[in-house]
Amino acid sequence: MLLAVDCGNTNTVFSIYDGEEFIGMWRTATDWKRTADQYYVWLNTLMRLQGIEADITDMIISSTVPRVVFNLRVLADRYFNTRPLVVGKPDCLLPVEVRVDEGTAVGPDRLVNTVAGFDHYGGNLVMVDFGTATTFDVVAEDGAYVGGVIAPGVNLSLEALHQAAAALPHVDISKPQKVIGTNTVACMQSGVFWGYVGLVREICTRIKEERGVPMKIISTGGLAPLFQQTADLFDAFEDDLTMHGLQVIHKYNKDNGTPNEH
């Protein structure tokens, strides 16, 4: 059984794959100070609560926060007696090429999204991920990662607006009933929601023009369903894109002889 771990800037997701499907998924706040023992007690407790008995033999990690990887490696070694694959490290092979400027380090989350998107839809994609940052990842016809765009995340923009302007409250993002707000909260929600709709549409349009080929726009991430309500913005939404990508990468390494144990 495979334990897949997706560590983002805000949350870390653990999921167990039994060879055919993901049988459990749990989320915790990302904290580099959390020890391997704490991870294990937390994970084991949640597995028992759901009646899941899993003999974990393999582990794969995607982390945008390098400091958490050490304790996750200890978790794999101490409790599962396995050597984890870490996306972005030289010993973790990718089923797609990465064609960017020499010396550029591409975030592992973006590589995983590329792999998952290509496996689901083929090439010529724009993967839009609504996370702490809003990222646009461009997948070529052959599945290669060929670059992208990074913009501030939706909640990050709202928080910055609240902190920089003392008179503006903290608000939750939602789709407003009207564009023109008649109170402060409605004005802020409209500005952020429709501002990001415009941002996504304009960036995707320019990417398509630059590539010169028809492209599918795929959304993922926590706030993607909110923006999925806007007609013609995306061709599809994937809520488990990262976990699917991790499973594909793990299988590719298994098939190509990458060792994953002592």
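Here, residues in each chain are numbered from 1, in the same order as that chain's written sequence. Only residues with pLDDT of 70 or above have their local features reported here, since the model is predicted, and side-chain atom pairs are shown and tallied only from 80 upward, although totals for entire chains, interfaces and linings are computed over all residues. Computation of side-chain values: all heavy atoms of the structure, hydrogens and water removed.

Colleague: Whenever I open this one, the layout of surface pockets confuses me. Can you help?
Modeller: Once rolled over the atoms, a probe with the size of a water molecule shows which space is left empty. The space that makes up the largest pocket amounts to roughly 1000 Å³. Of the two site types, the cavity is a set of points on a 1 Å grid over the protein atoms alone where a 1.4 Å probe fits but cannot get out, and the pocket is an open set with protein on both sides within 12 Å along at least five of seven lines, each lined by residues with an atom within 4 Å of a point. Surrounding the largest pocket, 40 residues form its lining, Asp129, Phe130, Gly131, Thr132 and Gly221 being those nearest its centre. Each helix is a run of H or I in the DSSP string that is no shorter than four residues. Each strand is a run of E no shorter than two, and both are numbered from the N terminus. When residues of the lining of the largest pocket are assigned to their parent elements, the largest contribution, four residues, is made by strand E8 (residues 145-152). Its residues placed into classes, the lining of the largest pocket shows 16 nonpolar, 17 polar and seven charged. Boundaries of every domain are those given by an automatic assignment or by a domain database. Two domains each donate at least three residues to the lining of the largest pocket, and these are domain 1 (2-86) and domain 2 (108-244). Within this model, the second largest pocket holds a volume of roughly 320 Å³. As for the second largest pocket, its lining consists of 15 residues, of which Val87, Gly88, Lys89, Val106 and Pro108 are closest to the centre. Along the lines of polarity and charge, the residues of the lining of the second largest pocket split into ten nonpolar, four polar and one charged. Grid points are joined across faces, edges and corners, and a volume is the space filled by probe spheres set on the points. Residues are grouped as follows: Ala, Val, Leu, Ile, Met, Phe, Trp, Tyr, Cys and Pro are nonpolar; Asp, Glu, Lys and Arg are charged; all remaining types, including Gly, are polar.

Colleague: What is the right way to read the nonpolar core from this model?
Modeller: Note that soluble globular proteins tend to have their nonpolar side chains buried in a common cluster. In terms of nonpolar packing, the biggest core is built from 26 residues, with Val128, Phe130 and Phe227 touching the most fellow members. Elements supplying a minimum of two residues to this core: strand E6 (125-130), strand E7 (133-139), helix H4 (154-164), helix H5 (184-211) and helix H6 (224-228). Here the element with the most residues in this core is H5; it accounts for nine residues. Side-chain atoms within 4.5 Å are what join buried Ala, Val, Leu, Ile, Met, Phe, Trp, Tyr and Cys residues into a set we call a nonpolar core. Exposure is judged per residue with a 1.4 Å probe applied to protein chains only, and the accessible area is read against the type maximum: over 50% gives exposed, under 20% gives buried, and values in between give partly exposed. In terms of nonpolar packing, the next biggest core, distinct from the first, is built from 22 residues, Ile16, Trp26, Val65 and Ala76 among them.

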